Amino acid sequence: MANKWVYMFSEGDMSMRNTLGGKGANLAEMTSILGADVIPQGFTVTTEACTQYYEDGRKINDEIMAQIMDGVKKMEEINGKKFGDATNPLLVSVRSGARASMPGMMDTILNLGLNDDVVASMIAGNPDPTFERFVYDSYRRFIQMFSDVVMEVGKKYFEQLIDKMKEEKGVEYDVDLTAADLKKLAEQFKAEYKKQLGTDFPSDPVEQMKLAVEAVFRSWDNPRANVYRRDNDIPYSWGTAVNVMPMVFGNLNNDSGTGVAFTRDPATGENKLMGEFLKNAQGEDVVAGVRTPMPIAQMEKEFPEAYKQFLEVCETLENHYHDMQDMEFTIENKKLYMLQCRNGKRTAPAALKIACDLVDEGHKTPEEAVAMIDPRNLDTLLHPQFDAAALKAATPIGKGLGASPGAACGKVVFTADDAVAWNERGEKVVLVRLETSPEDITGMKAAQGILTVRGGMTSHAAVVARGMGTCCVSGCGDINMDEENKKFTLAGQTFTEGSEISIDGTTGNIYAGLIPTVDAQIAGEFGRVMAWADQFRTLKVRTNADTPADAKKARELGAEGIGLCRTEHMFF
Ligand code: ADP
Ligand code: MG
């Protein structure tokens, strides 16, 4: 048989992640555990097809395209609608999905399959004015996303047109625009497309499909995705899959909506449903901040049936995956549809709490729970952190790169010598510099934390701070620095020598004033997980004995002895 490039959701499962990508494998898995009724049934174009696309010189070959159109045919049969048909049109989303989750890194196109004819006949078939509004809302979204994602016409042109329309109509939100406004916007968008690209907006759904799948494959190689891959050790060779599935419409009316949720709190790990929801909205609206979403609990009042079903879905998914789930869903006419699930990303404290809870709830063995935790993540817990209650009350005034983890607070100093002198007087200081250089080392050592205006994650300050285990926020370009006069301004506040400041080297956040810090401790859930790790590990952990302080700290944190002593360091 020829290569199989396309799998219906009903043909796949979780074990096929390498071929179907994470999103595709989970859509297939959800289909088998929740039922085809809850997951709009579509298909996945494999990651191998992506690799083939690049091998063929960035082209989708005929064999792949034929299998895609075959998938469309099957999707039409399952859903009882026809792609590109004017009377009973099937509209689809075309979504990226790599093996490893890369949230928001690649591209998605919604409402594909619309054109002037489809729009006209949809409206003719349903005289309800809210329906007309919905059709034009979907159409303008499609033109906007297609232009941006597929043809790479910047988003801003379309956003400007929306803003202008809202201003003309004197309304604040997209939802306040009428059918006539949205119709006009769709026209303006098409005109903008022609102005930018010199050609008409493609009206043939098959052509739209081909261009969209190509765009998703191409997005694997976009700069955002490349940077994310490099930071997360994801090989370029993996490629992305493409998921094509029928649209469900959260923007249909006020009985519809869309949301995202976590089965447990990703910040603290607390076993409590967390999430946000927007009525009469589509796709990215929740995260894009077009309106303020409501907390998920409020959905209970608005959509009692769907909410109850959603709680059941959450439980089923957790019992199946045995891990905290991050989910996307849509409600169309009060009916719930699941569009995505994956093991949710979480903070280090949440990872520990969830690991312990999953063991207590019988989902995981201690050995499995230990293996769930990313050791790189724990690094942040081995450094001082802000007191949680004090942090809650504080608002950041700026942000740089979280270049070296931990938290610090102290008085601002501007030179390495001042850092040493103030430190000798018993003051805690944060060294603030345009950038640091090798002669600043002693001052960097004397400081609780380091804040720089310039430089990235590999700048001198960042590299040296990480080596010393000192908190560092680098590259905060918003700081207006006057090193000569020992002052700087940030967010309208002026800081001089001795001003109080706090910085978080994990998040990159900068705060005015002192936020007290607490020292690292291997206690509570951290202690429990490390004790489990001690039962299974086959490596012994020993420490360097370069300085008494380091050796003592290492023993406190569980090192079993001295592994290395470099006499030259003592001579230094
Ligand atoms: P990302 O990987 O950036 O999250 P997604 O492919 O998940 O991108 O899609 C972006 C948004 O569009 C999500 O909110 C998703 O729920 C929504 N979406 C995707 N496909 C559909 C569909 N068939 N019907 C309705 N909404 C969809
Ligand atoms: Mg998503």
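Cut-offs used in this document
- Residues numbered from 1 in each chain as written.
- Chains lettered and ligands numbered in written order.
- Predicted model: local features only at pLDDT ≥ 70, side-chain atom pairs only at ≥ 80, totals over all residues.
- Heavy atoms only, no water.
- Pairing = 2+ DSSP bridges.
- Helix = DSSP H or I, 4+ residues; strand = E, 2+ residues; numbered from the N terminus.
- Axes fitted to C-alpha atoms, helices over the stretch in contact; angles between N-to-C directions.
- Donors = N, O, S within 2.8 Å, 3.2 Å for Na, K, Ca; no water.
- Buried < 20%, exposed > 50% of the residue type's maximum accessible area, 1.4 Å probe, protein only.
- Salt bridge = Lys/Arg side-chain N within 4 Å of Asp/Glu carboxyl O.
- Right-handed = clockwise from strand over helix to strand, strands pointing away.

A. Expanded view of the sheet that holds strand β20 (residues 480-482). With respect to topology, three strands assemble into an open sheet ordered β20-β21-β22, the strand pairing being antiparallel. Pairing within the sheet leaves two strands with one partner each, and these edge strands are β20 and β22 (493-496). Mean inter-strand twist for the sheet, computed between neighbouring axes without regard to direction, equals 15°. Taken together, the three bridges between β20 and strand β21 (residues 487-490) define a ladder with antiparallel strand orientation. Note that in β21 the partner of Asp482 across the bridge is Lys487.

B. Layout of the coordination of the magnesium ion (ligand 2). Listed as protein donors to the magnesium ion (ligand 2) are Glu328 (OE), Glu328 (OE) and Gln340 (OE1); their distances from the metal cover 2.1 to 2.7 Å. Taken as a pair, Glu328 in strand β11 (residues 325-332) and Gln340 in strand β12 (residues 335-343) lie far apart in primary sequence, twelve residues in all. Here Glu328 falls in the partly exposed class, since its relative accessible area comes to 24%.

C. Expanded view of the pattern of salt bridges. Summed over the entire model, instances satisfying the criterion amount to 34 salt bridges. One salt bridge connects Arg264 with Glu361, and the closest N-O pair in it is separated by 2.7 Å. Placement of Arg264 in the loop between β8 (257-262) and β9 (274-279) and of Glu361 in the loop between α13 (348-360) and α14 (366-372) is noted, with a sequence separation of 97 residues between them. Since its relative accessible area comes to 0%, Arg264 is described here as buried. Between Glu556 and Lys553 there is a salt bridge whose closest N-O contact spans 3.3 Å. Taken as a pair, Glu556 and Lys553 lie in helix α21 (residues 548-556) at a separation of three residues, close to a single helical turn. Since its relative accessible area comes to 51%, Glu556 is described here as exposed. Judged by relative accessible area, which is 34%, Lys553 ranks as partly exposed. Each of Asp137, Arg140, Arg141, Lys166, Asp174 and Asp285 takes part in salt bridges that share partners, so that together they form one network.

D. Focus on the pairing of strand β16 (residues 407-413). Taken across its seven residues, β16 has six buried, putting it largely inside the fold. Judged from the five bridges that link them, β16 and strand β23 (residues 500-504) form a sheet pairing that is antiparallel. Across the sheet, residue Lys411 finds its bridge partner in β23, namely Glu500. In this fold, β16 hands off to helix α17 (residues 416-424), which returns the chain to strand β17 (residues 429-433); that crossover is right-handed.

Shape descriptors only; they carry no functional weight alone.
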